[in-house]
Each structure stands twice: as C-alpha cells, then as structure tokens.
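Structural overview
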Amino acid sequence: MRQIEEIYAEMMARFQRETGLEASGSGDLAVRMYAAAAQIYALYVQGEWVARQCFPQSAGGEFLEKHAALRGLERRPAVRAQGVLRFVSDTPAAGDWTIPAGTVCMTAGLERFETVEDGVLPAGAVQADVPARAVEPGAAGNAAAGSIITMAVAPVGVSRCINPAAFSGGLDAEGDEALRARVLETYRRLPNGANAAYYRQGAMSFEQVAEASVIPRARGIGTVDVVVATAAGSPDAALLEALAAYFEARREIAVDVQVKAPVLKTVPVSVRVAPAAGYTAQEAREAAGAAVRGWFDGRLLGQGVLRARLGALIFGADAVANCVVDAPAADVAGAAGTLPVLGTLSVTDLEE
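**Describing the packing of aromatic side chains**
The final tally for this structure, using the stated rule, is eight aromatic pairs. Judged by centre distance (5.1 Å) and plane angle (90°), the rings of W49 and F63 are edge-to-face. Of this pair, W49 sits in helix α2 (residues 28-53) while F63 sits in helix α3 (residues 61-70), placing them 14 residues apart in sequence. Ring centres of Y246 and F247 lie 5.2 Å apart, and the angle between their planes is 85°; on these two criteria the pair is classed as edge-to-face. Residue classification places F247 among the buried residues on the basis of a relative accessible area of 2%. Connected via pairs of aromatic rings, a cluster forms that spans Y198, Y199, F206, Y246 and F247.

As structure tokens, then:
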C-alpha cells in the first residue's frame, strides 16, 4: 500500500510538471499538499480494510460474525465453570440452616463463585454441598479442588467453605480464528441434509455443545449416531432430549438418528516443571496445572492426547522454563465418540 510520503512526493512532482513552479517545502501550498496526501492515504487504508472484511478468510470481529450468519453459525459465547461448594460449620447445626442462592465464595486470587440454588445445612450436620458456578464466564473460572477458601458474606452458622472437586467447563468466548475455522469448514464440507457435516452443524448450533462427532451406520445401514460433549464433558439428559427432538424433526426419511453422550476415557497426567526466571516453583506448578486442566474439556471429543501437545501447553505458560511429561507414557489415540477426561493430575518439581 502506498505511504503518505510517496503520495506527497508524487503530488509535488505533478504540480511542478503542470505549472513549471516548485512549491516550497515549508510553504502554505506544501502544507496543503501534505494534508491532502494524508487524506488520500486514509482512503487507501479504508479501502484495504473494506477488502479484508469482504471475505471470511480475512474478516474480523462483527464482520466475521456476519459471514458466519450467512452460513447459519454464531460466535459461541463464554461459558461459566460449574462445580460444588462445601459449607462447613465448626459445630453441628442446631437446626436446618439455609445457605441462600447467590452466596459468593472466592479464591485467593478473588475469582468469585456463587451458589445457584438454596442449600440447607441439616440439623446435627457439620457440612453441606451446594451446586455453584463461576460469577464471570470464561476459562478463568476453572478452579482446582481446594482453591475456593473464603466467603464474601458467611451464611448463618457457616464457618468456612471449600470446593471438594475442581470447577470445570468454563470456556472463553470463541475467538476470531476459531469462528473463522468453523465458517470455512462449511465451505469445504457442504451440509446437504444427509451427510455428516449436516448433522454436525445441527448439533453445534446448540450453545451448550462444545464439540460433536457424527458416526454414520453406527448400528447398521440407515442409522446415524450423533455424539455430543459440553464444555464440562458429558451432556445432561435435557440437552440430549432437545437434540434428539431437533434431529427427529429434520432427519432423512427412514434414517434412525440417536443422540448420545460420549464414552469417557480417563487419562492420568503426571508432569515435572521448572520455574522460569522471576517465578517460584509453586507458581510454575500452579501454571502447569491450570494449563492441563484447561485443555481437558469437551472440545477434545474424538481427539487423542498427544504427549507433545501436553508438553507444548505446559511450556507455553510464562511461569514454566522447562517440563517433562511422565504420564501418559505414550500418546493416547483418539476415537470417534470418545472423550478423553483428566484423571489424577500430579505436578511436581523438575530437578535440573
């Protein structure tokens, strides 16, 4: 693209050819010429930007979303992490103590989580588990077990809180590159109402679905299995029923479509890490653990667990200078309809 100085020089040269006069570099005419060159340059920039937005390969932001809409797609919003909060009393409850919905608990880093329904600490009990979710959607809400330790306002009779298991399923809003890949995929594999692309695109139109696999002839000729995973892993019964009804109304004649939850394959992970300069060993361990936990979600449906990929994820954390993956000992092959899920996670120090 032509730059301002190039446009300005061309204008000044043309003026000299047409008039036989040379404009002073500090004169009023030169200033006006430079201002005009800047405006012409701005038009070049605007024209290039418009050209980029005309094609899904280069469009961005809301204009990429318009290309997606033409293909029946929408940008996937951020998803809140889900889990359970445990409220503990130092003494047995004298009566049924209510833990109100919306009770907020926090990690040491002030990441907030709230209960999604009223809970009850029964008389004589010292603890109660209540379903909860991250206050803010996104991957930052994926919290390790035991990391939620304080309450904004303690319910009556409750002394402390903890999350006995990790909060998972939190996903950031879909970025431009991920959305672009889905848009371009609809051109490469055109859904025609009968092929696998048609069924996958239909399943992915549900906001809760993080990934979908389509298995033709899974149970013989004339059968199709659609396996779906959510950000947290397995879909609930309500989602499976909604998807089954959706495909029942749209399936081909004489085709038996079943919507199924994935087969879960537990993968234990053991890694050793060394901290980068300026970070402590604990910070390196926490960063590595967060990277691994964030990778194991529903988007892994049908994929394998590659040791090289695990190492790259961990090494990509700012706090990690080096890492060694001890488990899995070999790559875990992917299979249609199978979702790798994180088993035990061990992160220890790498002695160098």
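**A few points about the packing of α3 against helix α4 (residues 176-188)**
Contact geometry for α3 and α4: axes closest at 10 Å, N-to-C directions at 20°. Between α3 and α4, the angle is such that the two are roughly parallel. Crossing hand, α3 versus α4: left-handed. Residues G61, L64, E65 and A68 of α3 touch α4, and the partners they reach there are D176, L179, R180 and V183.

**What to know about the side chain of S89**
Residue placement: S89 occurs in the loop between β1 (82-88) and β2 (97-99). The exposure class of S89 is buried, given its relative accessible area of 4%. Within the structure, S89 has its side chain in polar contact with the backbone oxygen of T91 (distance 2.6 Å). In this view, S89 contacts W97, L121, V126, G157 and S159; residues no more than four positions away in its chain are not counted.

**Some points on the sheet that holds strand β6 (residues 127-134)**
Taken in spatial order, the six strands make up an open sheet running β7-β3-β4-β6-β1-β8, and their pairing is antiparallel. With one partner strand each, in any of the chains shown, β7 (148-151) and β8 (160-162) form the two edges of the open sheet. Across the sheet, the mean angle from the axis of one strand to that of its neighbour is 40°, orientation sign disregarded. Of the strand pairs in this sheet, β1 and β6 are connected by seven bridges, and their pairing is antiparallel.

Cut-off values and rules
- Residues numbered from 1 in each chain as written.
- Predicted model: local features only at pLDDT ≥ 70, side-chain atom pairs only at ≥ 80, totals over all residues.
- Heavy atoms only, no water.
- Phe/Tyr/Trp six-rings, centres within 6.5 Å; stacked < 30°, edge-to-face > 60°.
- Helix = DSSP H or I, 4+ residues; strand = E, 2+ residues; numbered from the N terminus.
- Buried < 20%, exposed > 50% of the residue type's maximum accessible area, 1.4 Å probe, protein only.
- Axes fitted to C-alpha atoms, helices over the stretch in contact; angles between N-to-C directions.
- Parallel < 35°, antiparallel > 145°, perpendicular 65-115°, else oblique.
- Left-handed = near helix turned anticlockwise from the far one by under 90°.
- Contact = heavy atoms within 4.5 Å.
- Polar contact = N/O pair within 3.5 Å; in protein donor to acceptor, adjacent residues only side chain to side chain.
- Pairing = 2+ DSSP bridges.

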